[in-house]
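# A closer look at the structure
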Amino acid sequence: MTKNRPLIHICFGLYLILALLSLVWPGMAWIGSRLEPRILGLPPGVMWVAFWVVATCLVLFVYHRATGGEELE
Amino acid sequence: MSPVIVGIVVAYLVICLIIGMRAGSGAGEDATGYVAGDRSIGLLVMYFITGATIFSAFAFLGAPGWAYQKGSAVLYILCYGVLGFIPFYFLGPRAARLGRKYGFVTQAEMVATRFGSESSSGRGLAMVMAIVSTVAFVPYLAIQMKGAGIVLNMVTNGEVSTAVGAALTYGVVLLYVLRSGVLGVGWTNTFQGLFMMAIAWGLGLYLPYVLYGGVGAMFDRLAVERPELLAAPGLTKDGTPWNWAEFSAAVIKSVIGFSVWPHLFMRAFSSKDTRTLKRTVVLYPTFQLFLIPLILIGFAGVLFGLTPDQPDQILPFMLVNMDLPSVVVGLFCAGALAASMSSGDAMAHTSASILVRDGYITAMRGKLGAQAERKWIRVVVVLIVIASYVFHLYWQDSLVQLLLYAYDGVIQFAPGVIATLTLRKVTGAGVLTGLLAGCAVNVALLMPSSIWSDWAGLAQTQADSIGQLRPFAGLIGLGVNISLLALVSACGRAASTSDEASRHFLEVAAGGESPN
């Protein structure tokens, strides 16, 4: 059982705060208001949000596994 | 009107009808079977029922419309979707355990039971939540109808009016929702979700390629000719720059509201187990990737050359003005209808269930047998669809704006719902007071400035100042809501006698006691 590891919960909470601040002001203002560089032809703002979509999915997956989310009740 | 387009649309509607009608054949005859699918829904259907319910006509037409008119302002939709479902990872399983233990099928009866469904505050909560849910759902359902109507109107070159298009589409929805309840919604959403994902990605890459030679080439031209659209936070509908305060407020209120929509809790009550719910949340951000091609389509419309009557029409407008093969137009049409129907069916089903279960049975102490309850939910489904249909005929602003207003209302549920599931030291009176005050502040700030000046006698400058708070109405209401919840709960603790019941309720929610 890994349900009660406080470090995992703290890290996850910090990640969520970081993600939120990256998707509103100031993070989004810092990246999203630029026109360059373009990645895969897309403006920085679109790529920035796409990055957070993928990162959040991965972090959620790790958190889910590490906190016993796969256990059946 | 091309017979190929009509054929594809009719085939799509018939498939939805068959899937939806067959889905409910194994469900129980009582309200739990109709509203919660006998608590048997697995990961595949749960993934699509949550994703497709949220990605709707608003996403299929509203998102391209915002990208076309307001540029990077549309990114707020992606931003809130990244984090919006995460609170449900914690709230959903708690609600599901309580649902199995106490037999809940709606969010409000869960909240009311926590604070005593026989008490005045418990019944008051059930009534207020039923009313606010319905007030939020009717415009949400109207969005879907408007979207379906726009699509059929555009691809038939106006031969089918928007009103008739919406009526035809929602006639089919009514049939399978009445027949199969949540299982009909779930299995049609699975089909519709897969279908619209394929269509969105297909068109999202195809249109920029046909019009500009590729996505990169499209943004090259936009960076030269309309750079203001590419820099976040984009523009307002007047073409002036949007500001970061309003962009951030739109993201934050949507993140808070996302996980407390009443229909999401009903999905929690329908789930097979808590693991299924958690897996759904983990997989959910992948649904956001489906929005990216829709945003590309909106940007593709900026330099298209021709202008639709309304920004929300940009996607079908481009399709019918590009001499594309009828098959492509027909498939788009079916995909957009899928987006509309996959949300609208759940809205109709949810709001009817809430009005009967919470408004009549819990709040008004109405007595209904299992069969009668199911029958009345069906009657109210029809009434809700009619009310939304009438509403959609009169709404003229954008689809996304309508959704933002709906979020202003629904986020007022957040403090009460979170407190219900996690906090012991709150009272029903505190939750009810906070909810009422939050809603009142929200409504007051959303009212047009003319009401403040003409009816309340304020000077025009004062009324305009209040109007400037409109984008923050939901969040200001939320602040008042939380403050009063804490204050009234603190004052009422001495008189509270329900500590033992609350402790037991929270133990079940946390998984400390077997819900079975």
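Residues numbered from 1 in each chain as written. Chains lettered and ligands numbered in written order. Predicted model: local features only at pLDDT ≥ 70, side-chain atom pairs only at ≥ 80, totals over all residues.

So, about the overall build of chain B. The helix and strand inventory of chain B stands at 25 helices and zero strands. A principal-axis box enclosing the C-alpha atoms of chain B has dimensions of 70 × 60 × 40 Å. Taking contacts inside chain B between residues at least 6 apart in sequence as the whole, the part at least 24 apart equals 84%. (Helix = DSSP H or I, 4+ residues; strand = E, 2+ residues; numbered from the N terminus. Contact = placed C-beta atoms within 7 Å.)

The next thing to look at is the overall build of chain A. Of regular secondary structure, chain A possesses three helices and zero strands. Mapped in sequence order, the helices and strands of chain A form the string α-α-α. Over its C-alpha atoms chain A spans a radius of gyration of 16 Å, topping by over 25% the 11 Å that the globule rule assigns to 73 residues. Dimensions along the principal axes, computed over C-alpha positions, put chain A at roughly 50 × 25 × 15 Å. Counting every position in chain A, which comprises 73 residues, the buried fraction comes to 23%. (Rg over C-alpha atoms; globule rule 2.2 N^0.38 Å. Buried ≥ 20, exposed ≤ 12 C-beta atoms within 10 Å, placed from the backbone.)

Attention now moves to the environment of B:K70. Residues and elements named next belong to chain B. Topologically, K70 is positioned in helix α4 (residues 57-70). Taking the C-beta count within 10 Å as the criterion, K70 has 24 such neighbours and is therefore assigned buried. If sequence neighbours within four positions are ignored, K70 has contacts with G234, L235, T236, K237 and W242.

It is worth spelling out the interface of chain A and chain B at this point. Counting residues at the interface gives 30 residues for chain A, matched by 33 residues for chain B. Counting only elements with at least two residues in the side of chain A that touches chain B, the list comes to α1 (6-23), α2 (27-32) and α3 (44-66) of chain A. The leading source of residues in the side of chain A that touches chain B is α3(A), at 11 residues. In terms of residue class, the side of chain A that touches chain B is made up of 20 nonpolar, seven polar and three charged. (Nonpolar A, V, L, I, M, F, W, Y, C, P; charged D, E, K, R; others polar.)

Residues and elements named next belong to chain B. Mean pLDDT over chain B works out to 88, with 95% of the residues at or above the 70 mark. Taken element by element, the predicted model of chain B shows its lowest mean pLDDT in helix α2 (residues 31-36) (71) and its highest in helix α20 (residues 413-422) (96). Two numbers describe this predicted complex: its pTM, 0.88, and its ipTM, 0.94. (pLDDT = per-residue confidence, 0-100.)

What follows deals with helix α18 (residues 370-394) of chain B. In this model, α18(B) (25 residues) spans 37 Å end to end at C-alpha, consistent with the 36 Å of a helix rising 1.5 Å per residue. Turning to α18(B), its buried residues number three or more, namely B:E373, B:R374, B:I377, B:V380, B:V381, B:I384, B:V385, B:S388 and B:H392. (Expected span 1.5 Å × (residues − 1).)

This brings us to the nonpolar core. Residues and elements named next belong to chain B. Residues Y76, C79, L125, V251, C333 and L337 are the most contacted members of the largest nonpolar core, which totals 189 residues. For this core, the leading source of residues is helix α8 (residues 120-155), giving 20 residues. The residues contacting C333, other than those within four sequence positions of it, are I5, I8, V9, V151 and V155. (Core = buried A, V, L, I, M, F, W, Y, C linked by C-beta atoms within 7 Å.)

Before going further, it helps to examine helix α10 (residues 215-225) of chain B. Note on helix geometry: an α-helix contains 3.6 residues per turn, so any two residues three or four positions apart are oriented the same way. All names here are of chain B. Buried within α10 we find V215, M218, F219 and L222. Considered in projection along α10, the buried side chains sweep an arc of 90° and stay on one side of the axis. Of the exposed residues in α10, the ones pointing more than 90 degrees away from its buried face are V224 and E225. The inward-facing, buried residues of α10 abut α9 (162-212), α11 (227-230) and α15 (291-302). (Arc of directions from axis to C-beta.)

On to the packing of helix α17 (residues 326-363) of chain B against α18(B), then. Residues and elements named next belong to chain B. It is the contact of α17 with α18, at a shortest axis distance of 8 Å, that shows an interaxial angle of 125°. Our classification of the angle between α17 and α18 gives oblique. Our pair here, α17 against α18, has a crossing hand that is right-handed. On the side of α17, the interface is formed by A348, H349, S351, A352, S353, L355 and V356, while α18 contributes E373, W376, I377, V380, V381, I384 and V385. Taken together, the residues of the contact of α17 with α18 sort by class into 10 nonpolar, three polar and one charged. (Axes fitted to C-alpha atoms, helices over the stretch in contact; angles between N-to-C directions. Parallel < 35°, antiparallel > 145°, perpendicular 65-115°, else oblique. Left-handed = near helix turned anticlockwise from the far one by under 90°.)

Let us look at the environment of B:G193. Residue and element names in this part refer to chain B. With respect to the secondary-structure elements, G193 resides in helix α9. You can call G193 buried: it has 25 C-beta atoms within 10 Å. Considered as a pair, G193 and T50 are 143 residues apart in the sequence and their alpha carbons are 10.0 Å apart.

A separate point is the packing of α10(B) against α15(B). Residues and elements named next belong to chain B. Viewed as axis vectors pointing N to C, α10 and α15 meet at an angle of 50°, and their least axial separation amounts to 10 Å. Overall, the two elements α10 and α15 adopt an arrangement that is oblique. Handedness of the α10/α15 crossing: left-handed. In this structure, α10 uses V215, M218 and L222 to contact α15, whose residues at the interface are L296, F299, A300 and V302.

Let us look at unusual backbone geometry. With an omega dihedral of -5°, the bond running from A:E36 to A:P37 counts as a cis peptide bond. Tracing the sequence through the fold places A:P37 in the loop between α2 and α3. B:P233 follows B:A232 through a cis peptide bond whose omega is 10°. Of note, the phi angle at B:N157 is positive, near 55°, even though the residue is not glycine. Tracing the backbone through its elements, the reader meets B:N157 in the loop between α8 and α9.

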